[in-house]
Structure formats: C-alpha cells, structure tokens
Amino acid sequence: GVLVLTDYANVSSDTLATTYFVKHNNISCKVYASDGHNISSAITSAYLDVSNSPPTFTSTTLLPDPSYKSSTFNCIINGRQDIDGDAMTNYFIFKNASNILQSSTSSTLDCLTNSNCVKGTTITCDGYVYDGESNSSIQSDTSSVLNTIPEAQSVIITPYTPFNTSDLTCNYNYYDVDNDTQSAV
C-alpha cells in the first residue's frame, strides 16, 4: 500500500517523520491498496491532532548550600527547552519537611523573613516549567540551614571614668539571628 499524508506532506511511506509534526495541526492519511497492476480508491483515516509537547529541563540548583538564617535562596532551572517553541514560565516551590514556604514564579526566598526557615532544617526547591498548556516534570535540589555564629554588639565599659581602684564592668548586647539563648563562655 501507499500512505499519503494529507494537508502537510505527501509521503510514500508508512511512517511520518516527526519533522512534519507541528503542535495542533491535524494529520490524516490516505491509503491506496495496490497489487502491482491496479490501485484501489483511497481510504482516509480520521484526523489526529498533534498534541503539545511538555517543556523539559535538565536540573534544578538551589544556592547557597550550605545556607544560614540570613541567606537569600536562589533556585535556578537549568537547560530548559520546549520543542514546540512555546514561551515558558518557571515556577518554584520552596518548602521544608512540613511546610510550603513559598510557591510562585519568584526564584528567590529570603530565609531571614520566613519564620519556617530555621537552622537545622533542610530547604527544598521544587522547580518546574510551564509552556502555556503543559507542565514539565518537577526536579528538586536542597540546602541545609546551619547555625549562625552569635554576635556581641554595643560593647560598653563602665564606669566611664575609672580610677585605679575601680572595678570595671563590660556590658554588651547579645544577638543571635537563630534566636538561640546565650550560654556562658
């Protein structure tokens, strides 16, 4: 038999190469039977709609790693492509083991302003790409939030005018972004 693909290609084969596939084109085929002497009338198949191909990408990278309470995370989608040539939008879901911290098109998360982003947790970024019709698969990367070194701030020695017989006192303000309590040194 002879396969003739209507509307987009006339191919004398039983296989249509993917180069003829354009998203949302309708493709059908006409088949003629031949015994080497005579050719039958054509029989035409139903039309098939060429479907959207979902976008793809190679990996997700979450930086920095390791991280701290003061870190701003940046989630990167690497190697994205859409064989249909569609415009793509990146989506990011930042989460810890029990909470979604942020889900949006923003690739950054400020750990300092997020109460669920604390030392000892692992932050995960799930990234995916949307092409207006389909989502890619989700790929993830993680970063561990480590302890931040506390700070001694506003050191003051009193009395301000000491004498050689004065006991001096050193005072300071303790600050720990992780909200750890101060311990003796």
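Each remark here, short or long, concerns the structure printed above.
Things to note about the pattern of salt bridges
Opposite charge on two side chains makes pairing possible when the charged atoms of those side chains draw close.
So, step 1. A complete count under the given rule lists four salt bridges for this structure.
So, step 2. We note a salt bridge from K23 to D86, for which the minimum N-O separation is 2.7 Å. Residue K23 is located in the loop between β1 (2–5) and β2 (26–27), and its partner D86 is located in the loop between β8 (72–78) and β9 (89–95); the two are separated by 63 residues in the primary sequence. When sorted by exposure, K23 lands in the same class as D86, which is buried.
So, step 3. Residues joined in a network through salt bridges with shared partners are K23, D86 and E133.

Notes on the pairing of strand β10 (residues 100–104)
So, step 1. Across four bridges, the pairing between β9 and β10 is antiparallel. Its bridge partner being in β10, F94 is matched across the sheet by Q102.
So, step 2. The loop that links β9 with its antiparallel partner β10 comprises four residues.

A closer look at the state of the cysteines
So, step 1. For the coordinates displayed, the defined rule picks out two disulfides.
So, step 2. Covalent S-S linkage joins C75 and C125, the inter-sulfur distance amounting to 2.1 Å. Taking the torsion about the S-S bond as the criterion, the C75 to C125 disulfide, at about -100°, is left-handed. Of the two residues, C75 is situated in strand β8 and C125 in strand β12 (residues 122–130); the sequence distance between them amounts to 50 residues. We note that C75, like C125, is buried.
So, step 3. If one numbers only the bonded cysteines of the chain, in the order they occur, the disulfide pattern is 1-4, 2-3.

About the cut-offs
- Residues numbered from 1 in each chain as written.
- Predicted model: local features only at pLDDT ≥ 70, side-chain atom pairs only at ≥ 80, totals over all residues.
- Heavy atoms only, no water.
- Salt bridge = Lys/Arg side-chain N within 4 Å of Asp/Glu carboxyl O.
- Helix = DSSP H or I, 4+ residues; strand = E, 2+ residues; numbered from the N terminus.
- Buried < 20%, exposed > 50% of the residue type's maximum accessible area, 1.4 Å probe, protein only.
- Pairing = 2+ DSSP bridges.
- Disulfide = S-S within 2.5 Å.

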